[in-house]
Amino acid sequence: MIVFDLICPKGHGFESWFKDSAAFETQASKGLIACPTCGSKKIKKALMAPNLAGVNKNDDAPAPPSPLPLSNMTKKAALEVEKATELRENLRKTRKTIEENFDYVGGEFAEEARKIHYGEAEARNIYGETSDEEAKALTDEGVELSRIPWIQR
């Protein structure tokens, strides 16, 4: 599997995973990839920095530069890229805060959230994974939860 930085004609950047480069080309040519911001299906690979094995990655590292130099975009597109970059940085900080201050319960999230809600386990902040159906069931039961986009490091 490989992750590509992608970009639409309006300058919206996003990431997506593919089996290989040929899988990306096949899906893009069939219009199966769409920009999550504007829905455009004219998607291209953006310039990417190489991912070098053995390099020590720092969670506090600044966000990578935008896929295109801002001077090559319209002002509106440049502002959207800046907003997206700021959003990514806020999501990185949120992930770091959660990982440092919450208990990770993995796939047992729904079960543990219920135990806390009904007083069967100590009240504490937790995070983990659950299905859309299970999240809806928790909400229907009155269990408070938030779904947060989990950005890659």
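Here the structure is shown first, and the text comes after it.
What counts as what
- Residues numbered from 1 in each chain as written.
- Predicted model: local features only at pLDDT ≥ 70, side-chain atom pairs only at ≥ 80, totals over all residues.
- Heavy atoms only, no water.
- Phe/Tyr/Trp six-rings, centres within 6.5 Å; stacked < 30°, edge-to-face > 60°.
- Lys NZ or Arg CZ within 6 Å of the ring centre and 35° of its normal.
- Core = buried A, V, L, I, M, F, W, Y, C linked by side-chain atoms within 4.5 Å.
- Buried < 20%, exposed > 50% of the residue type's maximum accessible area, 1.4 Å probe, protein only.
- Helix = DSSP H or I, 4+ residues; strand = E, 2+ residues; numbered from the N terminus.
- Contact = heavy atoms within 4.5 Å.

**Q** How should the packing of aromatic side chains be read in this particular structure?
**A** We describe a pair of aromatic rings using the distance from one ring centre to the other and the angle between the two ring planes. Tallied over the entire structure, the rule returns 5 aromatic pairs. Judged by centre distance (5.3 Å) and plane angle (85 degrees), the rings of F18 and F24 are edge-to-face. Ring-pair connections join several aromatic residues into one group, and the members of that group are F4, F18 and F24. In this structure, K45 packs its charged tip against the face of F4, placed 4.4 Å from the ring centre.

**Q** Before we go on, may I ask you to explain the nonpolar core in this structure?
**A** Within soluble globular proteins, side chains that are nonpolar generally end up buried alongside one another. Counting residues in each nonpolar core, the largest one holds 11 residues, listed as F4, L6, C8, F14, F18, A23, F24, A28, I33, C35 and I43. Elements with a minimum of two residues in this core: β1 (2-7), β2 (13-18) and α1 (21-29). With residues near it in sequence (within four places) discarded, I43 still touches L6, I7, C8, F14, F24, A28, I33, A34 and C35. One finds F109, A113, I116 and L138 within the second-largest nonpolar core, a separate group that totals 8 residues.

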